[in-house]
Amino acid sequence: DTAVSQTPKYLVTQMGNDKSIKCEQNLGHDTMYWYKQDSKKFLKIMFSYNNKELIINETVPNRFSPKSPDKAHLNLHINSLELGDSAVYFCASSPILEGGPDEQYFGPGTRLTVT
Amino acid sequence: QKEVEQNSGPLSVPEGAIASLNCTYSDRGSQSFFWYRQYSGKSPELIMSIYSNGDKEDGRFTAQLNKASQYVSLLIRDSQPSDSATYLCAVNSGYSTLTFGKGTMLLVSP
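Here is a short report on the structure shown in this document.

1. Comments concerning the interface of chain A and chain B
- Each partner contributes to the interface: chain A provides 18 residues, whereas chain B provides 19 residues.
- Of the roughly 1600 Å² buried between chain A and chain B, counting both surfaces, carbon and sulfur atoms make up 55%.
- The interface formed by chain A and chain B contains zero salt bridges.
- Linking chain A to chain B there are four residue pairs in polar contact (both at pLDDT 80 or more).
- Elements with a contribution of two residues or more to the side of chain A that touches chain B: β4 (31-37), β5 (43-49) and β10 (105-106) of chain A.
- Of the residues belonging to the side of chain A that touches chain B, the class tally is 11 nonpolar, four polar and three charged.

Listed below in structure tokens is the structure:
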């Protein structure tokens, strides 16, 4: 069984469009994340989210919005797509154990290409 | 700003040798440290976590942490061509978020 899954795997779209990427985890984790990996392979946190709190990275444009219908799902909605949004987007999850392990497990990624 | 620094490489080692990957971090308050392996076109895969000063061994992998020097390393013994990948160092920077280094590419030649 896939622990963290994402759909779609590839997404090609035009500038100005709105798109969503879906993420689901079956690990029973409390916290989910979105990361962006750019063309230089640099992996950077965008959001972390659990039932209680959304942590927004201040460098993320407000065109990006995470939406979580329940603890096992965290979707990423992107409005008015720009060329610079082209990247691989990874979803990840981790348990919240105060003072305990906080290992994160990644989904397979969604390669977004904006033309 | 919290930073994690890694040599981008590539680090080239012959098969059977020990590969040594290094990482430094800026946030002295960091408590959790991770090594991820990423094959080209794939997602990061967790291979080691370390929380206390000293060494932690798991099979051919050994993670080393020195909080005083703000330094974490990964040793891969008996390197195999299948170990060729980019190795990402990650540090917990609060709110359970990870700050990643830019990764070191490891090439193991047969």
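Moving on from the coordinates now.
2. Quick look at the sheet that holds strand β7 (residues 61-66) of chain B
All names here are of chain B.
- In space, the five strands of this open sheet follow the order β1-β3-β8-β7-β6, with antiparallel pairing throughout. Looking at which strands have only one partner, the edges of the open sheet turn out to be β1 (4-5) and β6 (54-58).
- Pairing of β1 with strand β3 (residues 19-25) involves two bridges; the strand directions are antiparallel. When the bridges of β3 are listed, E5 appears paired with T24.

3. Brief notes about the sheet that holds strand β3 (residues 19-25) of chain A
Residues and elements named next belong to chain A.
- Spatial strand order, β1-β3-β8-β7: four strands in an open sheet with antiparallel pairing. Of all strands in the sheet, those bounded by a partner on one side alone are β1 (4-7) and β7 (64-70). Each strand axis lies, on average, 20 degrees off the axis of its neighbour in the sheet, ignoring direction.
- By the bridge criterion, four bridges tie β3 to strand β8 (residues 73-78) in an arrangement that is antiparallel. Residue pairing for β8: S20 is matched across the bridge by H77.

Calculation rules
Residues numbered from 1 in each chain as written. Chains lettered and ligands numbered in written order. Predicted model: local features only at pLDDT ≥ 70, side-chain atom pairs only at ≥ 80, totals over all residues. Heavy atoms only, no water. Contact = heavy atoms within 4.5 Å. Buried area = accessible area lost by both parts, 1.4 Å probe. Salt bridge = Lys/Arg side-chain N within 4 Å of Asp/Glu carboxyl O. Polar contact = N/O pair within 3.5 Å; in protein donor to acceptor, adjacent residues only side chain to side chain. Helix = DSSP H or I, 4+ residues; strand = E, 2+ residues; numbered from the N terminus. Nonpolar A, V, L, I, M, F, W, Y, C, P; charged D, E, K, R; others polar. Pairing = 2+ DSSP bridges. Axes fitted to C-alpha atoms, helices over the stretch in contact; angles between N-to-C directions.

In short, geometric facts, not functional conclusions.
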